[in-house]
Amino acid sequence: MPATCVVGLQWGDEAKGKIVDLLTEQFDIVVRYQGGANAGHTVVFGGEKFKLSLIPSGIFRPDVQCVIAGGVVINPATLIAEIDHLTGRGIRVERNLMISDRAHVIFPWHVEEDRLLDRQCSAGENIGTTMRGIGPCYRDKVGRSLAVRLGDLYRDRFREQIEQILDAKNQLFAALAGSEWTKLDAGAVYDEYRSYAERLRPHVADTTAYLLSAVEADDRILFEGAQGALLDIDHGTFPFVTSSNSSGVGVSPGAGVPARYLTKVLGIVKAYCTRVGGGPFPTEQDNEIGQLIRDRGNEYGTVTRRPRRCGWFDAVAARYTARLSGADSLAVMLLDVLSTFPELKICTAYEIDGRRTTDFPSHVDDLRRAVPLYETMPGWQAEITGARSPGELPQAAREYLARIAQLVGRPVELVSVGPDRQQTIRMA
Ligand code: GDP
Ligand code: IMO
Ligand code: MG
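Everything quoted here is computed from the prediction, not taken from an experiment.

J.: I'm lost on the overall build of the protein in this one. Help?
T.: The number of helices and strands found in the protein is twelve helices and 20 strands. Compactness check: the protein gives a C-alpha radius of gyration of 22 Å against a globular reference of 22 Å for 428 residues, within 12% of the reference. In terms of overall dimensions, the protein has C-alpha extents of about 65 × 50 × 40 Å along its principal axes. Per-residue burial over the protein gives 57% buried out of 428 residues.

J.: Any chance you could explain the coordination of the magnesium ion (ligand 3) here in plain terms?
T.: Metal coordination angles have textbook ideals: 109.5 degrees for a tetrahedral set of four donors and 90 or 180 degrees for an octahedral set of six. At this site the magnesium ion (ligand 3) is bound by D13 (OD) and G40 (O), with donor distances of 2.0 to 2.2 Å. Of this pair, D13 sits in the loop between β1 (3-8) and α1 (16-23) while G40 sits in the loop between β2 (29-32) and β3 (41-45), and the two are 27 residues apart along the sequence. The exposure class of G40 is buried, given its relative accessible area of 12%.

J.: I tried to follow the sheet that holds β2 on my own but got confused; where do I start?
T.: What holds strands together in a sheet is hydrogen bonding between their backbones, with the strands either parallel or antiparallel. The mixed open sheet is built from ten strands, whose spatial order is β9-β7-β5-β2-β10-β1-β11-β15-β19-β20. The open sheet terminates on both sides in strands that have one partner only, identified here as β9 (204-205) and β20 (424-426). Against the sheet, helix α7 (residues 207-216) engages β2, β5 (65-68), β7 (97-100), β9 and β10 (221-224), with an angle of about 130 degrees to β5.

J.: Before we go on, may I ask you to explain the state of the cysteines in this structure?
T.: Any covalent bond linking the sulfur atoms of two cysteines counts as a disulfide. Applying the stated criterion across every chain yields a total of zero disulfides. C5 takes part in no disulfide bond, and the closest cysteine sulfur to it belongs to C66, at a distance of 15 Å. Overall, C5 belongs to the buried group, its relative accessible area being 0%. Sulfur of C310: no disulfide; nearest cysteine sulfur belongs to C273 and is 9.8 Å away.

J.: How should I be thinking about the site of ligand 2 in this particular structure?
T.: Lining the immediate surroundings of ligand 2 are 20 residues, of which D13, K16, H41, T130 and T242 lie closest. Between ligand 2 and G40 there is a distance of 2.9 Å, counted from an oxygen atom to a backbone nitrogen or oxygen. Measuring from an oxygen atom of ligand 2, one finds a side-chain N or O atom of R306 at 2.9 Å. When the free accessible area of ligand 2 is taken as 550 Å², the share hidden by the protein chains comes to 98%. More than half of the atoms of ligand 2 fall within 2 Å of the grid points belonging to the largest pocket. When grouped by side-chain class, the residues that make up the shell around ligand 2 number seven nonpolar, ten polar and three charged.

J.: How should I be thinking about the pairing of β10 in this particular structure?
T.: Side-chain direction in a regular strand flips from residue to residue, so the side chains alternate between the two faces of the sheet. Residues I221 and F223 point to one face of β10 and L222 and E224 to the other, with burial holding for every one of them. Across four bridges, β1 lies against β10 in parallel orientation. From the neighbouring strand, A3 faces β10, where its bridge partner is I221. By the bridge criterion, four bridges tie β2 to β10 in an arrangement that is parallel. What sits directly across from I29, in β10, is I221.

J.: When you look at empty space enclosed by the protein in this model, what are you seeing that I'm missing?
T.: One water molecule sets the probe size; rolling that probe over the atoms shows where empty space is left. One pass over the structure, following the stated rule, counts one cavity of 30 Å³ or more. Across the lining of the largest cavity, the residue classes tally to five nonpolar, four polar and no charged.

J.: What am I meant to see in the packing of helix α5 (residues 158-177) against helix α6 (residues 186-200) here?
T.: Between two packed helices, both the angle of their axes relative to each other and the distance between the axes serve to describe the pair. One can describe the packing of α5 onto α6 by two numbers: an axis separation of 9 Å at closest approach and a directional angle of 135 degrees. Considered as vectors, α5 and α6 are oriented oblique to each other. The handedness of the crossing between α5 and α6 comes out as right-handed. Listed contacts from α6 to F158, R159, I162, E163 and L166 of α5 are A186, G187, V189, Y190, Y193 and R194.

J.: Would you explain the site of ligand 1 in this entry?
T.: Ligand 1 sits among 18 residues. The nearest are K16, G40, T42, D336 and S416. S416 places a side-chain nitrogen or oxygen 2.5 Å from an oxygen atom of ligand 1. G418 is positioned with one of its backbone polar atoms (N or O) 2.9 Å from an oxygen atom of ligand 1. Starting from 590 Å² of accessible surface for ligand 1 in isolation, the protein chains cover 93%. Judged by the proximity of its atoms to the pocket grid, ligand 1 belongs to the second largest pocket. At the level of secondary structure, the elements contributing two or more residues to the shell around ligand 1 comprise α1 and β3.

J.: For this particular structure, what's the right way to read helix α3 (residues 108-118)?
T.: Spacing of three or four residues puts side chains on the same side of an α-helix, whose turn is 3.6 residues. All of the buried residues along α3 are W109, H110, E112, E113, D114, L116 and D118. Contacts from the buried residues of α3 go to β8 (104-105), α4 (134-143), α5 and α6.

J.: Please explain the pattern of salt bridges as it appears in this structure.
T.: A side chain with one charge can pair with a side chain of the opposite charge if their charged atoms come near. Under the definition given, this model contains 26 salt bridges. Note that E198 and R194 form a salt bridge whose closest N and O atoms lie 2.7 Å from each other. Of this pair, E198 and R194 are both found in helix α6, four residues apart, which corresponds to roughly one turn of the helix. The class for E198 is partly exposed, based on a relative accessible area of 36%. For R194, a relative accessible area of 22% gives the class partly exposed. A salt bridge links R369 to D366; the shortest N-O distance between them is 3.1 Å.

Conventions used here
Residues numbered from 1 in each chain as written. Chains lettered and ligands numbered in written order. Predicted model: local features only at pLDDT ≥ 70, side-chain atom pairs only at ≥ 80, totals over all residues. Heavy atoms only, no water. Helix = DSSP H or I, 4+ residues; strand = E, 2+ residues; numbered from the N terminus. Rg over C-alpha atoms; globule rule 2.2 N^0.38 Å. Buried < 20%, exposed > 50% of the residue type's maximum accessible area, 1.4 Å probe, protein only. Donors = N, O, S within 2.8 Å, 3.2 Å for Na, K, Ca; no water. Pairing = 2+ DSSP bridges. Contact = heavy atoms within 4.5 Å. Axes fitted to C-alpha atoms, helices over the stretch in contact; angles between N-to-C directions. Disulfide = S-S within 2.5 Å. Near = heavy atom within 4 Å. Polar contact = N/O pair within 3.5 Å; in protein donor to acceptor, adjacent residues only side chain to side chain. Areas by Shrake-Rupley, 256 points an atom, 1.4 Å probe, with all protein chains shown as cover. 1 Å grid on protein atoms, 1.4 Å probe; cavity = no way out; pocket = protein on both sides within 12 Å on 5 of 7 lines; lining within 4 Å. Sits in = over half its atoms within 2 Å of the grid points. Nonpolar A, V, L, I, M, F, W, Y, C, P; charged D, E, K, R; others polar. Points joined across faces, edges and corners; volume = space filled by probe spheres on them. Parallel < 35°, antiparallel > 145°, perpendicular 65-115°, else oblique. Left-handed = near helix turned anticlockwise from the far one by under 90°. Salt bridge = Lys/Arg side-chain N within 4 Å of Asp/Glu carboxyl O.

What follows is the structure in structure tokens.
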């Protein structure tokens, strides 16, 4: 499929990195189109484990061009550290990475704003952000007057731009943080970011023009979503979301590629649900079931190491996000984690104020009151990490997958039974 999108259909960490790495061999270009270093994508092969934040998970195939598109927000220090780390481990990054000059740049004040403002979230509970400055950078992008794009770092006006922004930011922080805030010096910030700019110069390009030519030439492009559709700024569980369009609808604004070129969307789900940070989670198991999932799935944040909240598969939510993202089919990940349970539950509907519904509520207060209605299915108590074909899965596991497909309304194309590239089953 010339232009395919891999997108998470839950609250992130669905193992998108593993699938992108796996599929990359069929593509020429892999593109990150939104989010930033709030993402932590894990790729495991040949006994080695890599964690990626900004660099597309296609980077391990030397013939593939990786692109960080304009919809991504970039902390240059983090990106350079990631390039150095990969290079140090023998991965060729220099010629394979292109970064959009339209991408917005994260500065120290964004990280500081993240820290100061998350503790005062208006919805009564903290969002629990990754503290990477993602939301504040996107806020400045939309606000425009205090924003800097990567391409600005190479212009004569950059010094003046920093001075202007710091005038405003220093006042803002004096009001927000009082004596806790040490004024930032424009000269020091300028020097630091100019040195990052020089380091990144060989990678910086107009990726929109590049990608438009690529789709017009029928090049094979894989778009790698970050976060998950339930964290989408417009269509997720607002305000407990991230600050970009992390569902399938984000490809077009983020990459600058018209939606009509997308030929396939692969929706990634875990065989259960997890969430990091605040916000409602109807099927959460804040008990020994959740703990067992956390232990077996090693459910601790890739970026922040926070324990992930764990619960049963929510088919109401997944059906909504599969439709929203235009998913053609599903990859069901971490199925092996469930191997221990005598029975499994799937949420098939919610009851909200005594009314049964299969519609995912648009307001977070309604979602908070949603009582999950479950269907119980038999589990399988056999290890499945060695299975490589559908026939090698226990009957109960195949029935569990079939029920997920039926409830979500999409066929299961891939199943993952372990972190390694090889631990993957093609269902059709
Ligand atoms: P992403 O952000 O969507 O790329 O996902 P993360 O990398 O944050 O989290 C997924 C985690 O699950 C990583 O530690 C993967 O190595 C691991 N993983 C991926 N697939 C499987 C699987 O099928 N089984 C198990 N047990 N672990 C998996
Ligand atoms: P990947 O790409 C899981 C969550 C944070 C928080 C909310 C807002 O690895 O799936 P932010 O820092 O973006 O302002 O935080 O979104 N979050 C993620 N949760 N996986 C991610 O990325 C996430 N990126 C952000 O925990 O609840
Ligand atoms: Mg992750």
